[in-house]
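Survey of secondary and tertiary structure
The primary structure of each chain is shown beneath.
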Amino acid sequence: YKRQSMTLILRISMNFLTACCIALAFLSSLARCIEFVHHDYAAMYDLMSMYAEAYPHITRLYSVGRSVEGRELLVMEISDDPGRHEPGEPEFKYVGNMHGNEVTGRETLLYLIQYLCESYASNQTISELVDSTRIHIMPSMNPDGWEIADEGDYVGVKGRYNSNGVDLNRNFPDRFGLNPVKRAPETLAIMQWLEEYPFVLSANLHNGALVANYPYDSNVNDQSVYTASPDDDIFRQLVLTYSFAHPTMHLGLPCYEGDSEFKDGITNGAEWYSVIGGMQDYNYENSNCYEITIEQFCQKYPETHKLEGIWHENKDALLFFMQEVHGGVKGFVRSARTDCPLSGSRISVSDRDHDIFTAVDGDYWRLLSPGTYTIQASADGYETLEAMVEVYADSPAIVIDFELVNTTIEDTNCITNAATISTLSLYGLLLLQFYQLCF
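Read on for a plain summary of the structure. (Residues numbered from 1 in each chain as written. Predicted model: local features only at pLDDT ≥ 70, side-chain atom pairs only at ≥ 80, totals over all residues. Heavy atoms only, no water.)

Our focus in this paragraph is the overall build of the protein. The secondary structure content of the protein amounts to 11 helices and 16 strands. Every one of the 439 residues in the protein was classed for burial, and the buried ones make up 51%. In the protein, 73% of the contacts between residues at least 6 apart in sequence involve partners at least 24 apart. Accessible area of the protein: about 20200 Å², with a carbon and sulfur share of 55%. (Helix = DSSP H or I, 4+ residues; strand = E, 2+ residues; numbered from the N terminus. Buried < 20%, exposed > 50% of the residue type's maximum accessible area, 1.4 Å probe, protein only. Contact = heavy atoms within 4.5 Å. Areas by Shrake-Rupley, 256 points an atom, 1.4 Å probe, with all protein chains shown as cover.)

What follows deals with the pairing of strand β9 (residues 329–335). For a regular strand, side chains alternate in direction, first toward one face of the sheet and then toward the other. Counted residue by residue, β9 has five buried out of seven residues, so it is predominantly covered. Judged from the four bridges that link them, β9 and strand β12 (residues 363–366) form a sheet pairing that is antiparallel. By the bridge assignment for β12, V329 is matched with R366. The pairing of β9 with strand β15 (residues 398–399) spans two bridges and is parallel. When the bridges of β15 are listed, V329 appears paired with I398. Where β9 meets strand β16 (residues 402–404), three bridges bridge the pair, whose relative direction is parallel. Bridging from a neighbouring strand, S335 pairs with L404 of β16. (Pairing = 2+ DSSP bridges.)

With that settled, the discussion passes to the state of the cysteines. Considering all chains together, one arrives at one disulfide under this definition. The disulfide bridge from C255 ends at C298, spanning 2.0 Å between sulfur atoms. Since a negative S-S torsion denotes a left-handed disulfide, the C255-C298 link at about -80 degrees is left-handed. A residue pair is termed long-range when its members are at least 10 positions apart, and C255 in the loop between α7 (232–245) and β7 (266–268) and C298 in the loop between β8 (290–295) and α10 (307–323) qualify at 43 residues. (Disulfide = S-S within 2.5 Å.)

Inspection of the entire model under this criterion finds 21 aromatic pairs. The interplanar angle of 80 degrees and the centroid separation of 5.1 Å between the aromatic rings of F262 and W272 together place this pair among those described as edge-to-face. A residue pair is termed long-range when its members are at least 10 positions apart, and F262 in the loop between α7 and β7 and W272 in helix α8 (residues 269–272) qualify at 10 residues. An aromatic cluster is defined as three or more aromatic residues linked by ring pairs; in this entry it consists of F36, Y111, Y115 and W311. (Phe/Tyr/Trp six-rings, centres within 6.5 Å; stacked < 30°, edge-to-face > 60°.)

Before going further, it helps to spend a moment on the pattern of salt bridges. Enumeration over the complete set of coordinates arrives at 19 salt bridges. Between R160 and E102 there is a salt bridge whose closest N-O contact spans 3.4 Å. In this pair, R160 sits in the loop between α5 (143–148) and α6 (185–196) while E102 sits in the loop between β3 (91–96) and α3 (104–119), placing the two residues 58 residues apart along the sequence. Across the pair, exposure class does not vary: R160 and E102 are buried alike. Of the charged contacts, one joins E102 and K300 as a salt bridge, the two residues approaching to 3.9 Å between their closest N and O atoms. On the criterion of sequence distance, the pair formed by E102 in the loop between β3 and α3 and K300 in the loop between β8 and α10 is long-range, its members being 198 residues apart. (Salt bridge = Lys/Arg side-chain N within 4 Å of Asp/Glu carboxyl O.)

With that settled, the discussion passes to helix α9 (residues 279–286). Residues lying three or four places apart along an α-helix face the same way, a consequence of the helix completing one turn every 3.6 residues. Of all eight residues making up α9, six are buried, and the element is well covered by its neighbours. Within α9, the full set of buried residues consists of M279, Q280, D281, Y282, N283 and Y284.

Spatial strand order, β11-β10-β13-β14: four strands in an open sheet with antiparallel pairing. If you trace the sheet from one side to the other, it starts and ends with β11 (352–357) and β14 (385–391), each paired once. On average, each strand axis in the sheet is inclined to that of its neighbour by 25 degrees, with strand direction left out of account. (Axes fitted to C-alpha atoms, helices over the stretch in contact; angles between N-to-C directions.)

Moving on, we come to the packing of α3 against α10. Two elements in contact, α3 and α10, have axes separated by 9 Å at closest approach and are oriented at 65 degrees. Regarding the angle of α3 to α10, the classification is roughly perpendicular. At the point where α3 passes α10, the crossing takes the right-handed sense. Across the interface between the two elements, T104, E107, T108, Y111, L112, Y115 and L116 of α3 pack against L307, I310, W311, K315, L318, L319 and M322 of α10. Its residues assigned to classes, the contact of α3 with α10 shows 10 nonpolar, two polar and two charged. (Parallel < 35°, antiparallel > 145°, perpendicular 65-115°, else oblique. Left-handed = near helix turned anticlockwise from the far one by under 90°. Nonpolar A, V, L, I, M, F, W, Y, C, P; charged D, E, K, R; others polar.)

Turning our attention to a nonpolar patch on the surface. Together, Y154, V155 and Y256 line one region of the surface with nonpolar side chains, adding up to about 300 Å² of accessible area. Among the structural elements, Y154 can be located in the loop between α5 and α6. (Patch = residues over 30% accessible without salt bridge, like charges linked within 9 Å, V, L, I, M, F, W, Y side chains within 5 Å.)

A few words now on the sheet that holds strand β6 (residues 211–214). As summarised here, the arrangement of the eight strands in space is β1-β2-β4-β3-β5-β8-β6-β7, forming an open sheet in which the pairing is mixed. Every other strand in the sheet has two partners, leaving β1 (59–66) and β7 as the edge strands with one partner each. For this sheet, the mean angle separating the axes of adjacent strands, direction not counted, is 20 degrees. Pairing of β6 with β7, which is carried by three bridges, proceeds in the parallel orientation. For A212, the partnering residue across the bridge sits in β7 and is I266. In the packing of helix α2 (residues 41–54) onto the sheet, contacts are made with β1, β2 (72–78) and β4 (134–138), and the angle to β2 comes to roughly 25 degrees.

What follows covers α10. In this model α10 runs 24 Å from its N-terminal to its C-terminal C-alpha over 17 residues, within 8% of the 24 Å that 1.5 Å per residue would give. Looking at α10, one finds that the buried residues are L307, I310, W311, N314, A317, L318, L319, F321 and M322. (Expected span 1.5 Å × (residues − 1).)

The next point concerns the packing of α7 against α10. Relative to each other, α7 and α10 sit at 155 degrees, their axes nearing to 8 Å. Regarding the angle of α7 to α10, the classification is roughly antiparallel. By crossing handedness, the relation of α7 to α10 is classed as right-handed. Between α7, through L238, T241, Y242 and A245, and α10, the contact on the second element is made entirely by N314, D316, A317, L318, F320 and F321. Considering only residue class, the contact of α7 with α10 consists of seven nonpolar, two polar and one charged.

Listed below in structure tokens is the structure:
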């Protein structure tokens, strides 16, 4: 009997070890699947699908729309609870390949997806980042343009535009009403995406220089002059984070003789050159999202053998920049009477002409550089509250919750929510009683 038991235990152990070896071999094969090569649309789709299937507990593959030629604008969500906004958790996005012939964003984001998925179980920094952030990665915003671009292109424009000849980074509504053009399907998809998710921080990846660019990108006179946003200090902090995490960007060296030099590897967009209808300004002016533009490499479409080096140069910068989403101030705005979330509440910062608004769960995230601030929460029909806060460098976001007292006869939003909750509770009680009677 003991011999049979030992044999059974040994057999189970061997089967378990075999299963482990197969699993390790499978994961090792995944690690080898992303070679440092250029991925066309089919290869990109297959690669993203494979990782979504291999890591379903932390990924979700979805599309925000289609290009002119019908290619999906694919996004990989990476989170510990994919498919759901967790109240209080900030949302982050990367967008690559907006100009079809500027390709390193596309490839580095595919490598980033691989790195985050494969490191989640073994790297504490990555697991903490994924567990605390809802990450969205769009490797290619302009898949049609990529298909006609030429490898080795240094400064050309073939493939830059979408299939209708539209420069997608000149196609968004601008803050002055100076860009009344027809919106491309890719542009409309991004605009809708911004409405559906409470993004806090973003970067748009380009090629053709080595610099981190921040708003504003334009001014009313469309001139190349420094045009500061109300959050100029925050944007400078963000771009410096990326620049100094990159081995050479912060040196500010020109790409070629006669090219621009950038102190610390950063530039105000409009000071470099004015862009009417750019995506980063649209993000800042029309959502809660702070977006910068990263020029990752001097050459627009580098040869395949350069991709591995480009990835290693940008990997840490991509990761450090993502962690910036956890700075500043965050919290919830709720009704003092019912404790229900007040979505759409206004969050204002003293001496700063840029407000953000709470998401559907009443949660908010307000990026701020180190300093002392007065934070104000307001909503229609409620008393305004404010709080003083001290933000420190390299510190997690300070939590400031607000409970607003309604000034109207009815606490409309919350009465509706409370009634719904009460109704659901009543149904739950009836179902429980039914279960007890029958079983």
